[in-house]
Amino acid sequence: MSKEIYLDGNATTCVLPAAIDAAVQAMRDCFGNPSSTHATGLKAKAMLDAVRQRAKRLLGVGSGRIMFNSGATEGIQTAVLSALCALRERRERGEAIGGLLVYGATEHKAVPEALAHWNRLLGLGLELKKLPVDGDGRHDLAALRALAPQAAFVCTMAANNETGVVSDLVGIGATLAASKALWMVDCVQGLGKLPLDLGNTRIDYAPFSGHKLYAPKGIGMLYVREGAPYTPLVMGGGQEAGLRSGTENMAGIAALGAVLAVLEEGGTFRSPSELHGFRDKLAASLRAAFPGIVFNAPLDKALPTTLNFSVPGLSSKELLDVFDAANVRVSAGSACSAAKAAPSYVLDAMGLPAWRSSSAVRMSFGPLASEEIINEACVRIERCGMALRNAGLMDTPVSGAVVPEGVLQLSLAGNHTWLLLDEPSRQCIVVDHQAELGERIDSLLHSHGYQLSARLSTRDGRAETDSFAFGARAVRRVALDSTRSAYLLCSGDKVDYAFTGLAALSELAGKVPVDALLCAGREEVNACCTSLRAEAQGSMASTELNLDSIALARLLQAQPQAVLVDVRETYEQAACIPGGRAAQSVPLSRLAAFVPGWLAAVDPPPLVFFCRSGNRSAKAAQCLRRLGYRHAYSLAGGVALASPELALAA
């Protein structure tokens with residue numbers, strides 16, 4: 001397996017070796033409770049105090065305070081609670097506090113959600129107000145100036161986690177100079193990347209997370225300006241001078257201290273000029289790999305460690321899949337919301353077109369990045385671009401690549417569009433065309449030299465039956481009722497496939513042969529394909545479907561005729577570094593084209609499907625089991641969790 005290239009530093013980082021050593025030493029030699037008054041406790045307290053003093057020097061906190069906590073989310077909660085409790089007390093004393101809780105439209109979701117939570121629990125009834133940003137992602141200072149007289153609390157950030165855009169903190173501070181509003185700045189992405197001199201600003205609260213800069217998860221800091229109101233989020237033993245109760249995480253604090261020492265002493269992390277050079281190399285490779293690429297934030301206003309981009313015609317999932325196949329780790333926007341598959345609210349707030357917001361990819365690295373890693377990343381980025389071009393996804397003519405033939409499934413938001421492809425005549429029929437897939441279909445056909453001969457809809461309810469030739473086969477329409485039809489792909493008198501849209505199985509009885517492969521129009525009807533006979537007989541579940549690495553190794557040893565089947569898309573397979581066990585390439589989108597051959601085998605071998613994470617391979621194995629193929633399996637967890645001994649291409 002090729003070496004992993006990790007370019008998702010804004011989500012988290014690896015742990016600095018010196019930080020690991022410091023944590024181990026703290027657990028082994030400095031395990032005392034810093035609240036204890038004996039020598040072992042005093043030794044622990046000395047270490048804790050030394051790390052706090054180093055943090056205060058680095059951040060320039062002056063007479064302000066630094067408290068250790070579990071990370072930025074806790075810090076945000078504490079700052080919001082402190083500010084809102086103070087506002088409630090002021091209002092109860094009859095003081096004017098303003099009616100707005102202002103937060104940047106591109107803030108991390110932890111901020112507005114914390115504001116809404118504590119505003120409700122404390123019964124303040126203040127209005128949450130988004131502070132707009134401009135097209136570059138910077139806060140609109142004119143809008144802030146208009147809101148400032150009514151602002152009770154203002155929340156902004158030092159640098160955005162998705163785009164890397166650096167905030168104009170000096171401009172924001174000047175705009176708030178005459179305001180009594182309290183001010184919190186999320187400094188998570190700023191630590192180690194931006195100069196911070198907090199004591200010389202009017203910032204009241206600044207949360208930090210250690211795991212964004214090579215410390216472990218579960219350790220962070222909160223800066224509180226001298227005189228800023230404070231209410232503990234956690235009460236109990238009075239640790240952290242009463243600011244945050246609970247025995248301190250000494251291993252985490254020691255590890256964070258090691259990172260802060262590296263920052264203070266210099267020489268380990270890359271200089272800003274080196275980081276800018278690395279980003280420029282990555283940007284150049286991205287431009288070469290993906291003609292038409294658009295960077296979603298101006299590079300001169302962003303951290304030198306962050307790139308956010310969109311590629312016309314490609315979804316963020318496709319880009320993430322091909323990068324992951326090449327062992328390059330990137331993300332789609334914020335790691336906290338990446339699993340939700342929603343457009344980026346950050347890019348939406350910047351006013352960018354919907355296609356850019358919904359297909360954005362973030363590439364980020366930390367100041368430990370090396371030239372060797374960046375150069376290898378550039379090679380793999382360009383390999384990914386070539387893989388997508390050869391798969392016909394970038395509307396460029398393809399030469400030397402495998403031409404798709406037979407039945408192809410394209411899915412979007414749970415809906416299936418089916419392409420019937422006849423290679424000899426280079427004709428294509430589209431069943432249940434989705435407008436959102438139009439550009440993708442056009443690129444695919446153009447790249448492989450196909451012509452669109454017909455678009456068919458299963459929502460066509462004409463009463464008469466008609467048919468027409470399609471290469472050496474024929475397509476026949478069968479009316480299901482007054483509003484819907486099924487389309488049958490026939491070889492002579494035999495019906496090979498039935499494209500049924502959303503029809504229920506009961507509606508197909510007597511109109512579709514029991515052994516024809518049913519290709520539905522939506523995921524919940526069927527993920528891939530089935531047949532009436534298979535559905536009547538029920539699923540074949542005589543043996544375990546999912547195999548872990550150990551079970552797979554045993555199967556391959558016991559049954560060497562077993563076939564590994566890679567159901568990742570062709571562009572993912574092409575992006576992999578060559579090597580590993582031989583596997584048959586059957587992308588899940590083309591599974592239906594291969595099913596008849598497998599079912600017709602006289603002595604069918606075990607089929608073990610695998611993909612990146614195990615989701616697609618499970619669908620393939622379930623499809624074959626349902627159709628009566630007894631020995632179909634899925635590699636649980638996919639290539640991501642496979643043991644190195646299996647040597648699957650990745």
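The present account deals with the structure reproduced in this document. (Residues numbered from 1 in each chain as written. Predicted model: local features only at pLDDT ≥ 70, side-chain atom pairs only at ≥ 80, totals over all residues. Heavy atoms only, no water.)

Pairing in this open sheet of three strands is antiparallel, and the strands run S9-S10-S12 from one edge to the other. In the strand order of this sheet, the two ends are held by strand S9 (294–295) and strand S12 (361–364), each with one partner. Bridge count for S9 against strand S10 (residues 306–310) is two bridges, and the pairing is antiparallel. Paired with Val-294 across the two strands is Ser-310, which belongs to S10. Across the sheet, helix H8 (residues 272–289) is in contact with S9, S10 and S12; its angle to S10 comes to roughly 15°. (Pairing = 2+ DSSP bridges. Helix = DSSP H or I, 4+ residues; strand = E, 2+ residues; numbered from the N terminus. Contact = heavy atoms within 4.5 Å. Axes fitted to C-alpha atoms, helices over the stretch in contact; angles between N-to-C directions.)

Counted as a void, the second largest pocket has a volume near 380 Å³. Forming the boundary of the second largest pocket are 20 residues, of which Lys-494, Asp-515, Leu-517, Pro-596 and Leu-599 lie nearest the centre. Here the lining of the second largest pocket is composed, by residue class, of ten nonpolar, five polar and five charged. (1 Å grid on protein atoms, 1.4 Å probe; cavity = no way out; pocket = protein on both sides within 12 Å on 5 of 7 lines; lining within 4 Å. Points joined across faces, edges and corners; volume = space filled by probe spheres on them. Nonpolar A, V, L, I, M, F, W, Y, C, P; charged D, E, K, R; others polar.)

For Gln-77, the position within the fold is in helix H3 (residues 72–92). Considering only alpha carbons, one finds Gln-77 and Glu-113, 36 residues apart in sequence, at a separation of 9.5 Å. Contacts of Gln-77, omitting those with residues within four sequence positions, involve Ala-110, Ala-114, His-117, Trp-118 and Leu-233.

Before going further, it helps to spend a moment on the sheet that holds strand S20 (residues 494–501). Strands sit in the order S17-S18-S19-S20-S21 across an open sheet of five strands; the sheet is mixed. The sheet is open, and its two edges are formed by strand S17 (467–470) and strand S21 (517–520), each paired on a single side. Neighbour-to-neighbour, the strand axes of the sheet open up by a mean angle of 25°, direction not taken into account. Relative to strand S19 (residues 485–491), strand S18 (residues 473–479) runs antiparallel, the two being bridged by six bridges.

So, about the packing of aromatic side chains. According to the stated counting rule, one finds nine aromatic pairs in the structure shown. With centroids separated by 5.5 Å and ring planes inclined at 35°, the aromatic side chains of Tyr-214 and Phe-269 adopt a geometry described as tilted. One end of the pair, Tyr-214, is in the loop between strand S7 (205–209) and strand S8 (220–224); the other, Phe-269, is in the loop between helix H7 (250–265) and H8, with 55 residues separating them in the sequence. Note on Tyr-214: relative accessible area 4%, which makes it buried. Geometrically, the ring pair formed by Trp-418 and Phe-499 is tilted, given 5.9 Å between the ring centres and 55° between the ring planes. You can see Trp-418 sitting in strand S14 (residues 415–422) and its partner Phe-499 sitting in strand S20, a full 81 residues away along the chain. Relative accessible area serves as the criterion here: at 1%, Phe-499 is assigned to the buried category. (Phe/Tyr/Trp six-rings, centres within 6.5 Å; stacked < 30°, edge-to-face > 60°. Buried < 20%, exposed > 50% of the residue type's maximum accessible area, 1.4 Å probe, protein only.)

This part covers the pairing of S20. Among the eight residues that make up S20, seven are buried, leaving the element largely enclosed by the rest of the structure. Summarising the sheet, S19 and S20 pair through five bridges and their orientation is antiparallel. In the strand pairing of S20, Ser-491 is matched with Lys-494. In this structure, the hairpin formed by S19 and S20 is closed by a connection of two residues, where Gly-492 is found at a positive phi of approximately 65°. Two strands pair when backbone bridges link them, and S20 and S21 are joined in this way by four bridges, in the parallel orientation. Its bridge partner lying in S21, Phe-499 is registered against Cys-519.

Time to look at a nonpolar patch on the surface. Together, Ile-20, Val-24 and Met-27 line one region of the surface with nonpolar side chains, adding up to about 270 Å² of accessible area. Looking at the element boundaries, Ile-20 is found in helix H1 (residues 17–29). In this structure Ile-20 comes out as partly exposed when scored by relative accessible area, which is 43%. (Patch = residues over 30% accessible without salt bridge, like charges linked within 9 Å, V, L, I, M, F, W, Y side chains within 5 Å. Areas by Shrake-Rupley, 256 points an atom, 1.4 Å probe, with all protein chains shown as cover. Salt bridge = Lys/Arg side-chain N within 4 Å of Asp/Glu carboxyl O.)

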